[in-house]
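Reading the structure
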Amino acid sequence: KLDGIDEWLVIKSVEVSGTRHVDGIAIKEELLAGIQGVRTLALTTELGEAFPGLADPTKRQAFLARLDAQQKQLEELEKPVNPRVVRGAVTAVLDAAKETVDVPKEALLHAYGNGALSALDDYSTIIWPDEVRRFERNTRGEFVGIGVQIQYDELMRVKVVTPLEGTPAQRAGLHTDDIIIKVNGESTAGFTLDQAVDVVS
């Protein structure tokens with residue numbers, strides 16, 4: 001899910017979307033939404049299993065305090081946001097995590113990028129490297145699934161809509177409205193539906 005994610009991808013996504021979006025959303029708003037995306041990651045308690053630094057309340061609070069400081073600094077910024085400010089904002093979040101919760105930078109960048117583009121509209125998103133691979137695989141007709149439709153429930157958990165007749169999902173005992181919390185021991189918290197489909201397949 002995180003392979004191939006780097007700072008350049010997120011920085012360029014914010015810069016390009018902030019200058020070309022039809023509604024003219026300010027890059028500053030994207031950066032603030034990016035911080036909110038990372039804050040959500042830090043406050044998702046289930047992620048403490050994958051990222052032990054988030055399970056430590058002292059480290060998590062130190063990280064959240066650094067995010068608060070970065071948010072305040074951006075909110076007080078009066079001049080237009082230039083590429084140097086974008087790079088500095090992303091780097092500040094990565095540095096704060098490295099010095100506190102030690103979450104891998106790829107996970108932080110994923111949360112930051114998704115958060116940043118959520119400021120635009122419901123349809124603007126970063127196409128992450130794992131999604132490009134999935135798209136290419138699907139267009140070659142090589143997709144093999146377990147035979148289940150999924151969607152989010154009201155708490156944004158991955159929920160079974162229906163297992164299809166005669167498929168591995170039905171034989172495994174999956175039922176309508178079952179919640180998929182883990183796949184092969186990996187938490188589905190924070191997954192997009194496409195990512196959930198990818199690990200369930």
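Notes on the structure follow. (Residues numbered from 1 in each chain as written. Predicted model: local features only at pLDDT ≥ 70, side-chain atom pairs only at ≥ 80, totals over all residues. Heavy atoms only, no water.)

1. Quick notes on the overall build of the chain
In terms of helices and strands, the chain carries nine helices and five strands. Secondary structure elements of the chain occur, N-terminal to C-terminal, as α-α-α-α-α-α-α-β-β-α-β-β-β-α. The globule rule puts the C-alpha radius of gyration for 201 residues at 17 Å, and the 18 Å found for the chain is close to it. Each principal axis of the C-alpha atoms in the chain carries an extent, and together these give about 60 × 40 × 30 Å. Pairs at least 24 apart in sequence give 59% of the contacts found in the chain among residues at least 6 apart. Of the roughly 11300 Å² of accessible surface on the chain, a fraction of 53% belongs to carbon and sulfur atoms. (Helix = DSSP H or I, 4+ residues; strand = E, 2+ residues; numbered from the N terminus. Rg over C-alpha atoms; globule rule 2.2 N^0.38 Å. Contact = heavy atoms within 4.5 Å. Areas by Shrake-Rupley, 256 points an atom, 1.4 Å probe, with all protein chains shown as cover.)

2. So, the nonpolar core
In this structure, Leu31, Val38, Leu54, Phe63, Val103, Leu108 and Tyr112 are the most contacted members of the largest nonpolar core, which totals 40 residues. The set of elements that each furnish at least two residues to this core consists of α1 (7-20), α2 (27-43), α4 (57-75), α5 (83-99) and α6 (105-118). A total of eight residues in this core trace back to one element, the largest contributor, which is α5. Aside from chain neighbours lying at most four places away, what touches Tyr112 is Val10, Leu31, Gly34, Ile35, Val38, Ala89, Val90 and Val93. Listed in part, the 10 residues of the second largest apolar core include Ala169, Ile180, Val183 and Ala196. (Core = buried A, V, L, I, M, F, W, Y, C linked by side-chain atoms within 4.5 Å. Buried < 20%, exposed > 50% of the residue type's maximum accessible area, 1.4 Å probe, protein only.)

3. As for the sheet that holds strand β3 (residues 179-180)
Strand pairing in a sheet relies on backbone hydrogen bonds, with the paired strands running either antiparallel or parallel. With respect to topology, three strands assemble into an open sheet ordered β1-β2-β3, the strand pairing being antiparallel. The outermost strands of the open sheet, each flanked by one partner alone, are β1 (148-152) and β3. Pairing between strand β2 (residues 158-163) and β3: two bridges, direction antiparallel. Among the inter-strand pairings, Lys159 is bridged to a residue of β3, identified as Ile179. On top of the sheet, helix α9 (residues 193-200) reaches β1, β2 and β3; it is set at about 145° to β1, its chief contact. (Pairing = 2+ DSSP bridges. Axes fitted to C-alpha atoms, helices over the stretch in contact; angles between N-to-C directions.)

4. Things to note about the pattern of salt bridges
The tally for this structure, following the rule as stated, stands at seven salt bridges. Residue Arg39 is joined to Asp68 by a salt bridge in which the shortest nitrogen-to-oxygen separation is 2.6 Å. Remark: Asp68 occurs in helix α4 and Arg39 occurs in helix α2; sequence separation between them is 29 residues. Residue classification places Arg39 among the buried residues on the basis of a relative accessible area of 10%. Notably, a salt bridge pairs Lys159 with Asp177, separated by 3.5 Å at the nearest N-O pair. Highlighted residues: Lys159 in strand β2 and Asp177 in the loop between α8 (168-171) and β3, separated in sequence by 18 residues. (Salt bridge = Lys/Arg side-chain N within 4 Å of Asp/Glu carboxyl O.)

5. A short note on α5
Helix length check: α5, at 17 residues, gives a terminal C-alpha distance of 24 Å against a target of 24 Å (1.5 Å per residue), a fit within 8%. Among the residues of α5, Val85, Val86, Ala89, Val90, Val93, Leu94, Ala96 and Ala97 are the ones counted as buried. In this fold, the buried residues of α5 make contact with α1, α2, α4 and α6. If you check the start of α5, you find a side-chain oxygen 3.0 Å away from the backbone N of Arg84, and it comes from Asn82. (Expected span 1.5 Å × (residues − 1). Polar contact = N/O pair within 3.5 Å; in protein donor to acceptor, adjacent residues only side chain to side chain.)

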